[in-house]
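Residues per chain, in single letters:
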Amino acid sequence: MKAFARVFQGTAFTARSPKEIEILKDYLFCLNEQGVIARAIAPDAADYASLRDAYAGTAQYHRLAPGQYLLPGFVDLHVHAPQWAQSGTALDIPLYDWLHTYTFPLESKFADPDFAAEVYEDLVSALLANGTTTALYFATIHKESSLLLAEICARKGQRGLVGKVVMDDPAQNPDYYRDADAASALADTEAFIVAVKALAKTAKQGVYPVVTPRFIPSCTDEVLKGLGELAAKHDTHVQSHCSESDWAHGHVLARTGKRDASALRDFGLLGDKSVMAHCNFLDEDDAALFAETGTAIGHCPISNAYFAGSVIPIARWIDKGVEVGLGSDVSGGYSPSLYDNARQAVISSRMLEDGVDPSLPADARGVPASRITIDEAFYLATAGGGEALSLPIGRLAEGYAWDAQIVDIALAGARLPVFGEGEPLHEIFQKIMYLVRPENIREVWVQGERVHARA
Ligand code: GUN
Ligand code: FE
């Protein structure tokens, strides 16, 4: 009887801090039965060779091939699961019009569980194939098909955090797609929470219910207050959109007399397990409120380029101590890949720093100290996401879940441009972050179980 369920030998990249990566060269990662990293052992440790030799050649031992590297699985803090069906389309009009013209008609079709199953099965597989091991999902207003999404995550082995969307205000939502009233929205949400908590008992990696008011503009005060109470009663995660665009931010201010962040706080919706998408129009006080309550920003850089009308000063909020992770915002963001979103996070931050209007002098064009590096974007996609959700995920370190991707940079037909011997591992890491395609992601593991493999 061996002490560990599995042992992996290979070189890994993991975040040391929001700014720095750590390179674990030729480590042994020893997993327990729960799929947690019990030990991460460096080659100079006293028992490295004896442990490796004890496991080598057994079915529990996994040695990475030359050209293969380990990264933590990615944590996507913002996915609209039904919108997968329109990804890559319908990005031509402003947020309000986009919701009413394309998105609400699409989401209303998820009343049909067969349609929902077809889309959700495909999405969860696509996210896993892109290295996303944990996803924080908005489903739709429909309790049954939202539960179906949680069941699909449970079965496919993804760590899904799923919300039945609430949108009950008759003045803001079409009759064909809204909760009938506040009371039924709250009753459905509570039934959904109870059902997902029961389902979680069958999923090793965990599935979680999430209290999900779409955003303040779509919800009545009564429902927002009730949702805050439900989140406290059942100790759930909370998600919504906050200060995303001029229109969304201005609408909340006009209706409540408060800025979005304060209004969400007053409804009981900010806390350590809260994640707010976008947050482009936060001010210093809002950011302080986020830091104080432990509320995280789900940064969605691709989507923001289409709908937010601005670049969020993400470096400033990270420096201020706000928790930040990365979100795809499928389908406001067209890509299901957090690699693509990490790349865009860097690019957008560079454009904010340098500015974009060439008719202005260079020193008046941008916002100084706004850029983030690809290492920082990697932190957001991994450890930052784990901290946002207050879960032990996003790092390849002792005590963390074995959520990992094995990336092959030497794959025939999808080789990364690494030539000769001895390229520094930090450069290889950067090439992985910028150039990896789904073909390079050979295996994906969640909580010690393999959930995706390419032949
Ligand atoms: N605000 C309210 N709903 C949505 C949505 O579905 N996507 C985005 N990007 N913003 C929203
Ligand atoms: Fe969104």
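This text follows the structure it describes.
In this report, the structure presented in the accompanying data block is examined. (Residues numbered from 1 in each chain as written. Chains lettered and ligands numbered in written order. Predicted model: local features only at pLDDT ≥ 70, side-chain atom pairs only at ≥ 80, totals over all residues. Heavy atoms only, no water.)

## Some details on empty space enclosed by the protein
1) Next: Tallied over the entire structure, the rule returns two cavities of 30 Å³ or more.
2) Next: Space inside the largest cavity adds up to approximately 100 Å³.
3) Next: Surrounding the largest cavity, 13 residues form its lining, Leu 95, Trp 98, Leu 99, His 241 and Glu 244 being those nearest its centre.
4) Next: Among the elements of the structure, helix H2 (95-108) and helix H10 (301-307) are those that each provide at least two residues to the lining of the largest cavity.
5) Next: The element best represented in the lining of the largest cavity is H2, accounting for three residues. (1 Å grid on protein atoms, 1.4 Å probe; cavity = no way out; pocket = protein on both sides within 12 Å on 5 of 7 lines; lining within 4 Å. Points joined across faces, edges and corners; volume = space filled by probe spheres on them. Helix = DSSP H or I, 4+ residues; strand = E, 2+ residues; numbered from the N terminus.)

## Let's talk about H2
1) Next: The sharpest bend along H2 measures roughly 35 degrees and falls at Tyr 102, with the proline Pro 105 sitting one to four residues further on.
2) Next: Those residues of H2 that sit buried are Leu 95, Trp 98, Leu 99, Thr 103, Phe 104, Leu 106 and Glu 107.
3) Next: If you follow the buried residues of H2, they end up packed against strand E6 (74-80), helix H3 (113-129), helix H7 (246-256) and H10. (Bend = angle between axes of the 7 residues up to and from the residue. Buried < 20%, exposed > 50% of the residue type's maximum accessible area, 1.4 Å probe, protein only. Contact = heavy atoms within 4.5 Å.)

## Notes on the packing of helix H5 (residues 182-200) against helix H6 (residues 221-234)
Packed helices, taken two at a time, are described by the angle their axes make and the gap between the axes.
1) Next: H6 packs onto H5 with a crossing angle of 20 degrees between their chain directions and a minimal axis gap of 9 Å. Looking at the two axes, H5 sits roughly parallel to H6. Viewed along their axes, H5 and H6 form a crossing whose handedness is right-handed. Residues Ala 182, Ala 185, Leu 186, Thr 189, Glu 190, Ile 193, Val 194 and Lys 197 of H5 form the contact with H6, whose participating residues are Glu 222, Val 223, Gly 226, Leu 227, Leu 230, Lys 233 and His 234.
2) Next: Taken together, the residues of the contact of H5 with H6 sort by class into eight nonpolar, three polar and four charged. (Axes fitted to C-alpha atoms, helices over the stretch in contact; angles between N-to-C directions. Parallel < 35°, antiparallel > 145°, perpendicular 65-115°, else oblique. Left-handed = near helix turned anticlockwise from the far one by under 90°. Nonpolar A, V, L, I, M, F, W, Y, C, P; charged D, E, K, R; others polar.)

## Some details on the packing of aromatic side chains
1) Next: Counted according to the given criterion, the structure contains 16 aromatic pairs.
2) Next: A centroid spacing of 6.4 Å and a plane angle of 85 degrees characterise the contact between Tyr 306 and Tyr 334, whose relative ring orientation is edge-to-face. A residue pair is termed long-range when its members are at least 10 positions apart, and Tyr 306 in helix H10 and Tyr 334 in the loop between strand E14 (323-326) and helix H12 (338-354) qualify at 28 residues.
3) Next: Here Tyr 306 falls in the partly exposed class, since its relative accessible area comes to 39%.
4) Next: Since its relative accessible area comes to 38%, Tyr 334 is described here as partly exposed.
5) Next: Following the ring pairs from residue to residue traces out a cluster consisting of Phe 8, Tyr 27, Phe 29, Trp 402 and Trp 445.
6) Next: Over the aromatic face of Tyr 55 sits the side chain of Lys 2, whose NZ or CZ is 5.7 Å from the ring centroid. (Phe/Tyr/Trp six-rings, centres within 6.5 Å; stacked < 30°, edge-to-face > 60°. Lys NZ or Arg CZ within 6 Å of the ring centre and 35° of its normal.)

## Some words on helix H13 (residues 374-381)
1) Next: The element H13 is extensively covered by neighbouring structure, given that eight of its eight residues are classed as buried.
2) Next: Inspection of H13 places Ile 374, Asp 375, Glu 376, Ala 377, Phe 378, Tyr 379, Leu 380 and Ala 381 among the buried residues, and these make up the whole buried set.

## Digging into the coordination of the iron ion (ligand 2)
1) Next: Within the first shell, the iron ion (ligand 2) binds the protein through His 78 (NE2), His 80 (NE2), His 241 (NE2) and Asp 329 (OD), at distances of 2.0 to 2.3 Å.
2) Next: One can describe the site at the iron ion (ligand 2) as irregular: its four donor atoms subtend angles covering 85 to 177 degrees at the metal. (Donors = N, O, S within 2.8 Å, 3.2 Å for Na, K, Ca; no water. Tetrahedral: all angles 85-135°; square planar, octahedral: opposite > 155°, others 65-115°.)

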